[in-house]
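Each chain, written out:
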Amino acid sequence: MNATSPFVNGSTPAAVVFDLDGTLIDSVPSLATAVDLMLMKLQRPEAGIDKVRQWVGNGAAVLVRRALSDSVDVAKDLDELLAERALRIFLEAYADCVSEGTLLYPGVKEFLENLQSRQIAMAVVTNKPLRFVPEILTSLSIRHYFQLLIGGECLTHKKPHPEPLLHAAHKLGVKPQQLLMIGDSRHDVSAARYALCPVVGVTYGYNHGQPIADCGPDWVVDSLMELL
């Protein structure tokens, strides 16, 4: 890992892309509510917030499959028709509670404000369905910081594939090497590596119990404000 921050020594990135869940926001409370409503409707036991915290990070479809499997490892014999029905139920439930209990992590708004003052372009690249993203950002008063929002269904591939980051670089008018990725999971690090982007890993997010440092990001921080 690099010893210095990407924002010092004249190496400020031209643009910054953020993961959403586990990086900018703690969305587990609302996700857990929707998961439990979905499970109850399917006459299954509720999962609870602690389990859901271990399952998030790979998009709604994977979260639902993990909930149906009651494990981070999706059951190989999972009924696909059941999974499709459960996903529809989950999305309907989540639409009704998308901002309930969702919070910004400490230092996030101050960090975004600092980058905006430097005129650094910013984007959100998430595996979450895009339809939920603007409402969440608006409810937390941070929508105006971002020039671009990319959801899990917007392109052919989602993270850990590099396509979303390469698309973001193109849309923001910068080279991938000038685009800094900030995320909380191995999928964020992998996407950045494949796209040839530098990457920061935050320690406080959702990485299925694996320390983000083990995934090999260029920088590891406990708070975004440590980068300044």
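Just so it is clear, the structure is predicted and the values come from calculations on it, not from any experiment.

Cut-offs applied
- Residues numbered from 1 in each chain as written.
- Predicted model: local features only at pLDDT ≥ 70, side-chain atom pairs only at ≥ 80, totals over all residues.
- Heavy atoms only, no water.
- Helix = DSSP H or I, 4+ residues; strand = E, 2+ residues; numbered from the N terminus.
- Expected span 1.5 Å × (residues − 1).
- Contact = heavy atoms within 4.5 Å.
- Polar contact = N/O pair within 3.5 Å; in protein donor to acceptor, adjacent residues only side chain to side chain.
- Axes fitted to C-alpha atoms, helices over the stretch in contact; angles between N-to-C directions.
- Left-handed = near helix turned anticlockwise from the far one by under 90°.
- Nonpolar A, V, L, I, M, F, W, Y, C, P; charged D, E, K, R; others polar.
- 1 Å grid on protein atoms, 1.4 Å probe; cavity = no way out; pocket = protein on both sides within 12 Å on 5 of 7 lines; lining within 4 Å.
- Points joined across faces, edges and corners; volume = space filled by probe spheres on them.
- Buried < 20%, exposed > 50% of the residue type's maximum accessible area, 1.4 Å probe, protein only.
- Pairing = 2+ DSSP bridges.

### What about helix α4 (residues 80–97)?
- With 18 residues, α4 should cover 26 Å at 1.5 Å per step; its first-to-last C-alpha distance of 26 Å lies within 8% of that length.
- Residues of α4 that are buried make contact with α1 (28–41), α3 (60–69) and α6 (133–139).
- At the N-terminal end of α4, a side-chain oxygen is found 2.8 Å from the backbone nitrogen of Leu81, two or three residues along, and the residue is Asp79.

### What about the packing of α3 against α4?
- Running from N to C, α3 and α4 cross one another at 115 degrees; their axes reach a closest spacing of 9 Å. The element α3 and its partner α4 pack so that their crossing is right-handed. Between α3 and α4, the contacting residues are Ala60, Ala61, Leu63, Val64, Arg65 and Leu68 on the first element and Glu80, Leu82, Ala83, Ala86, Leu87, Phe90 and Leu91 on the second.
- Of the residues assigned to the contact of α3 with α4, the class counts are eleven nonpolar, no polar and two charged.

### Remarks on empty space enclosed by the protein
- Throughout the structure, instances matching the rule amount to one cavity of 30 Å³ or more.
- Reported here for the largest cavity is a volume of approximately 220 Å³.
- Those elements that provide at least two residues to the lining of the largest cavity are α3, α4 and α8 (186–195).
- When the residues that make up the lining of the largest cavity are grouped by side-chain class, the tally is nine nonpolar, seven polar and six charged.

### Quick notes on the pairing of strand β1 (residues 15–18)
- Residue alternation in β1 divides its side chains into two sets, Ala15 and Val17 and Val16 and Phe18, and both sets are buried.
- Examined bridge by bridge, β1 and strand β4 (residues 121–125) share four bridges and lie parallel to one another. Within the sheet, the bridge partner assigned to Val16 lies in β4 and is Met122.
- Relative to strand β6 (residues 179–183), β1 runs parallel, the two being bridged by four bridges. The partner of Phe18 across the bridge, within β6, is Ile182.

### Considerations on the environment of Ala192
- Tracing the sequence through the fold places Ala192 in helix α8.
- When its relative accessible area of 0% is taken as the criterion, Ala192 is described as buried.
- Considered as a pair, Ala192 and Met181 are eleven residues apart in the sequence and their alpha carbons are 6.4 Å apart.
- Once you skip the residues sitting within four places of it in the chain, Ala192 turns out to touch Leu165, Met181, Cys197, Pro198 and Val199.

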